[in-house]
Each structure stands twice: as structure tokens, then as C-alpha cells.
Amino acid sequence: MAIVEPQSPTDDGHRRLALRSTATNEPVGEITVSTAEDVADAVTRARVAQQEWAEVPIAERAKIIRRAVDLLVKYREEIIETIRRDTGKTHIDALMIEIIAGLDFLTHWCARAVKDLSDEPLKPHGFQRVLKKVVMHYRPLGVVGVITPWNGPFALAINPSVQALLAGNAVLVKPSEVAPHSADWAVRLLHEAGVPEDAIQVLHGDGETGAALVRAGIDKISFTGSVGTGKKIAAACAEQLIPCTLELGGKDAMIVCADADLERAAGGAVFASVFNSGHVCMGVERIYVVESVADEFERLVEEKLREVRCGSGDDCDVGALFWDRQLSIIERHIEDAKAKGAEVIVGGEAVTNGGLFYPPTLVCNVDHSMALMKDETFGPIVSIMRVKDEEEALRLANDSEYGLSGSVWTKDTEKGVALAKRMETGSVLINDASMSYGILEAPFGGMKDSGLGQMNGMRSLRNYTFAQPIGVARRAPKTEPHWYPHSDKTTKDLDGMVKLVYGTVLKKLPFFTG
Ligand code: NAD
């Protein structure tokens, strides 16, 4: 979608927002904005449902949720259709980063749930091992709010929701008002799979609804969206001492070394800059190419970009812009870059007859005085800056308020890894870009303004629990040597232990170090 147009309120005073497709300009439904009272009602119902859902054994929760895999396969074309109406993206973008990603999230988290969430013994070191048996219990947090953006409206709703549900929480999803109906599908699939109605609910609305959800006395917020909103949510969560995960914007740098496979690097640069209409948090937004190979790299990028077809047809590679307001940001960045000496080689003008399209665009001769290289553009733009060497590329890559992801392109993997370790970003890929979120075993999250906390990774399901150690005394005499009353003997025994263990080689034994 979507062009969002306020309408007259409903009879009971709810605000209404009508939506028009950015691909066709046609009306594509409307949403009624949930008020703070609606949110409070949903939280009350979710609290009741969560108590029962948490009683369902983990293996059974996983079995129920796994049924959504078959449902997602079955309904995939209808879901793609909804996502396309919501966003204007191409069929293949919806299939690739919403449906296939959604299937992978569901199968992977369901497969891990029992192992990651069951109680497990913990072996303490030192005297505590003799005295206590410890079991780790992963308690559900309660009610989790999932607030999502418009660029991946199905995948970004289903991933955190499934994880939170598997961990025994109830979930309230607040999708973006710009692309609201894709999240309805995520919730419908889970209901049809057997998750109780109130254990996962959708609350439609805009920032007002999101803000009400954050303040509704829930137990965690999983937020994906802009830096500005993320900071407001962090402040509200801090006041209430509730945890939040913030997955925010990015300005990902791609470093093209002199020894890169230029054919592959150019193909990667084009795809990672323009897929999903360039609305990708970890899309490539800045390219630094070493001077000695810049001519050839730019030539290859231009050649490949000219082949990318933009439009609403089934044969198109890049669809419409998803939001009319994004166009003004893209245009501002391009105009600013042109005024400061950048050269637009391909594209550079919106096409607005019958829809809202911005053809894939190549801009060369850019530098850090330009908004195009500093602020998140979130559009289908390939921006290339020439640099003296890899050190200059690295310095410029790190010269950013963002730090979501990045990439290094070289045939020398060892050098690539060394450069990666010096990049101030949440993740780095060598000879690939924009795919870190898909490595579910790896935590995904941003440094600097790109976020707080991490999504996915080996501990991800546990991030929706409180890790509660339960220690059981191995022996239960009437009293313990360190309890009251204390005497000279207590002090002497403790001091003797200090000398015996920490004053000798005993302290090096694994029993004492853990
Ligand atoms: P946004 O911050 O405007 O909106 C995101 C969500 O927050 C929407 O549902 C919106 O209604 C809601 N919201 C708005 N104000 C709120 C408030 N005060 N309190 C609570 N909720 C509020 O972001 P957007 O424009 O929808 O999304 C684009 C941004 O998301 C880009 O910056 C992009 O990089 C980022 N993003 C990040 C990731 C990631 O994983 N790091 C993934 C996708 C998108």
C-alpha cells in the first residue's frame, strides 16, 4: 500500500483510516484505529488466555504452531495477494522474503522449542555444587506486544509472534497502519492452527494505538521500525522497567576491495540495494569501491541495473514504493546529492502515472556531505563512492550513526573477516549482503542507533522468558555452618577455607573455577 487517508470517525467515535494502493491507486480497504480502551480490553483477555496457554506443554505448543506451516503453504497465493495489496511489492519479493522466510521461522522455532525452553539442570561450581541442585526454569513473561513496520508486514509479524507464543506468552500484534492486512494473515494462520483466539490478537491503528500498547501494562515489547519511534518506546519501557527489543533503521555499507570478484559484487550491489523496492532495513545503502577497480565496477553495476524491470506487471523485478511519504525522502536525498555534485547515471525520477514507482537508480560520485550517504533513504538506489583503499572504505563505513549490517567483497576471506571485525555493525557478510536476518541461529540486531537487543540466535526463544534458577538444597540439616549464631569457630573455618582453596593450587581445579 499504502496511501493512508483519514476518514470521518465511526458512530462510536473510532478514527478510521482508508488505504489506497501505491501500485494501482485503487482503494484497498480501511482500518479502524484501536483506542487505549480497546487495547486495555485486549490485554485483559490476553492475560486470561496466557494462563491457559502457558499450561500447554511446550511440545504440544510446538505441534499446534507447526500446523501453520501447512496452512501457509496452502494459503500462500492468497497471502501473497494481500501482501501485494498492502505494499505494492512484486510477487517474487513477497514469496521470497515473506512466505519462504515465514515458513523457515515457523519450522525452525518449532523444532527448537522443546530443547530451548524446557527446564534444564545447571551445574554450579565450587561448594555450591555440593550444597545445591539447580534447575533453570524458563518462565513465560506474560503478554508480549509486537509492533511492526510496513516493509515486511507478514514476516516481521510472524517471526517474533511465533517465538513469543512458543515460550508460553500471549501476543498482541500492532501492525503498521501503512500495511495492516498482512499481519491479519499471520494471526489467522496461528488461530487456524489451534492457538487460542485471545492468545494472539491484532490491534489495528497508527502510532496512537502503538503508544497505548506500550503503556498498557504488558510485559515486553518487540519493536521493529524507525529510530525515532524506537527511542520513544525505549523511554516508555524504561519507565515501566519492562524489557524491549528494538530492531531499527540502517545505512548498510558495502566495501568492494580491489581483489573482489567484480561480476558477483556488481550483481550483489544491484540486488541488495533495490530488492523489496529498496525498503529493506539491512539493504545496501552505501557502496565504497576501491579506486583501482571503480571504473569496471560502476560499468558492471550500470549494465545490470539497466536490466532490472520496475512496475506492477508480473514480469517486473521491482514493484511500487510501499508508502507515498517515502517518496519525499528519496527525492530529497537525490536532489541534495545532485546539488552537491553527484551524478545520476540511471533512473532518478519517480514515475507516478497509475501508481507510485521509483525506478532503480544509480548515483555515482557521492560523498559524506550528502544526505544520501548519511541518512536512511530506504529506496531503490545504488549509491557508489570511490575510495583510495580499504582503510578509507572502513573509516567511511564506520562514519555513520547507524550500525545494522554491512558487507565486504573480496577473494581473500581472511582479509574480509579481519575488515568485518572492525566494522561497527551488528552483523557482516563477506561476498553477500542483506541476508543476515535469515541466519536464524545467529543473533540479529543493530549497534549504535540501529537498535537495542537482538532478535533470532541460539537464545532467541529464551528472550521471551524470564530465566529463573531454582536451587534445591541437597541436604537439609536443621542448621548450616554459616547460619547464626556465629562464633570464633565460624570465622576460623571460613578463613581456613580461604587459605586451603585460594591460597593453594586448589583454586585452579575445574571444581573451583567452573
Ligand atoms: P515507524 O517507526 O514509523 O513505525 C513502526 C511501527 O510503530 C508502526 O506500527 C507504527 O504505527 C508504530 N508507532 C508509531 N509511533 C509509535 C509510538 N509512539 N509508539 C508505539 N508505536 C508507534 O517505522 P516504519 O516507517 O513503519 O518502518 C520503517 C523503519 O523500520 C525503517 O527505519 C527500517 O529500517 C526499520 N526496519 C528495521 C528492521 C530491523 O530488523 N532492524 C526491519 C524492518 C524495518
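Look up a bit, the structure's there.
These remarks concern the structure in this document.

Conventions used here
Each chain has its residues counted from 1, running along the sequence as written. Local features in a predicted model are, by the rule used here, given only for residues with pLDDT of at least 70; side-chain atom pairs are given and counted only at 80 or more, and totals for whole chains, interfaces and linings are based on all residues. The basis for every side-chain value is the complete set of heavy atoms in the structure, and neither hydrogens nor water enter the calculation. Each salt bridge in this description consists of a side-chain nitrogen of Lys or Arg and a carboxyl oxygen of Asp or Glu lying within 4 Å of one another. Per the convention used, a helix needs a DSSP run of H or I reaching at least four residues, while a strand needs a run of E reaching at least two, with both numbered from the N terminus. Here a residue-residue contact requires only that any non-hydrogen atoms of the pair lie within 4.5 Å. Within 3.5 Å is the distance limit for a polar contact, defined as a pair of N or O atoms, with the added protein rule that one can donate a hydrogen and the other accept it, and that residues adjacent in sequence qualify only through two side-chain atoms. Here a cavity is any set of points on a 1 Å grid over the protein atoms alone where a 1.4 Å probe fits but cannot get out, and a pocket is any open set with protein on both sides within 12 Å along at least 5 of 7 lines; a residue lines the site when it has an atom within 4 Å of a point. Grid points are joined across faces, edges and corners, and a volume is the space filled by probe spheres set on the points. Residues are grouped as follows: Ala, Val, Leu, Ile, Met, Phe, Trp, Tyr, Cys and Pro are nonpolar; Asp, Glu, Lys and Arg are charged; every other residue, Gly included, is polar. How far each domain reaches was decided by an automatic or database domain assignment. Working definition of a nonpolar core: buried Ala, Val, Leu, Ile, Met, Phe, Trp, Tyr and Cys residues. They are joined through side-chain atoms within 4.5 Å. The buried label goes to any residue with under 20% of its type's maximum accessible area, the exposed label to any with over 50%, and the partly exposed label to all in between, with areas taken from a 1.4 Å probe on protein chains only. In this description, strands pair whenever DSSP reports at least two bridges between them. For crossovers, right-handed means that the path from the first strand over the helix to the second runs clockwise, given strands pointing away from the viewer.

Topic: the pattern of salt bridges
- Here the structure, examined in full by the defined rule, presents 35 salt bridges.
- Linking Glu208 and Arg15 is a salt bridge whose minimum nitrogen-to-oxygen distance equals 2.8 Å. With Glu208 in helix α8 (residues 207–214) and Arg15 in the loop between β1 (2–7) and β2 (16–21), this pair connects stretches of sequence that are 193 residues apart.
- Where Lys388 meets Asp389, a salt bridge forms, and the shortest distance between an N and an O atom there is 3.8 Å.
- One connected set of salt bridges, linked through shared partners, spans Glu291, Asp295, Glu298 and Arg386.

A few points about the environment of Lys340
- Looking at the element boundaries, Lys340 is found in the loop between α12 (324–339) and β13 (343–346).
- Measuring from C-alpha to C-alpha, the distance between Lys340 and Asp184 comes to 44 Å, with 156 residues separating the pair along the chain.
- Not counting chain neighbours up to four residues away, the residues in contact with Lys340 comprise Ser369 and Met370.
- Of the polar contacts made by the side chain of Lys340, one reaches the backbone oxygen of Ser369; its length is 3.0 Å.

What about the layout of surface pockets?
- Estimated volume of the largest pocket: approximately 1,000 Å³.
- What lines the largest pocket is a set of 42 residues, among which Trp150, Phe223, Gly225, Ser226 and Thr229 lie closest to the centre.
- Among the elements of the structure, β1, α8, β9 (220–224), α9 (227–240) and α12 are those that each provide at least two residues to the lining of the largest pocket.
- The leading source of residues in the lining of the largest pocket is α9, at six residues.
- Of the residues assigned to the lining of the largest pocket, the class counts are 19 nonpolar, 13 polar and ten charged.
- Here the lining of the largest pocket spans two domains, since at least three of its residues come from each of domain 1 (3–248 + 457–466) and domain 2 (252–440).
- Considered as a void within the structure, the second largest pocket measures approximately 460 Å³ in volume.

Comments concerning the nonpolar core
- Ranked by size, the top nonpolar core spans 58 residues in total, and within it Ile65, Ile79, Phe154, Leu165, Leu166, Leu189 and Val195 carry the most contacts.
- If you tally residues by element for this core, the top one is helix α4 (residues 91–117), at nine residues.
- Summarising the domain contributions, this core has at least three residues from each of domain 1 (3–248 + 457–466) and domain 2 (252–440).
- Not counting residues up to four positions away in its chain, the partners in contact with Ile79 are Leu72, Ile99, Phe154, Trp185 and Leu189.
- In this structure, Ala342, Met385, Leu394 and Leu396 belong to the second largest nonpolar core, which totals 28 residues.

Quick word on the pairing of strand β10 (residues 244–247)
- Side chains Cys244 and Leu246 of β10 all project onto a buried face; the interleaved residues Thr245 and Glu247 project onto the opposite face, where all are buried too.
- Sheet topology places β9 next to β10; four bridges connect them, and they run parallel. Along β10, the bridge assignment pairs Phe223 with Leu246.
- In terms of handedness, the path from β9 via α9 over to β10 forms a crossover that is right-handed.
- Examined bridge by bridge, β10 and strand β20 (residues 451–452) share two bridges and lie antiparallel to one another. Paired with Leu246 across the bridge in β20 is Leu452.

The quantities given are spatial measurements derived from coordinates; they are silent on function.
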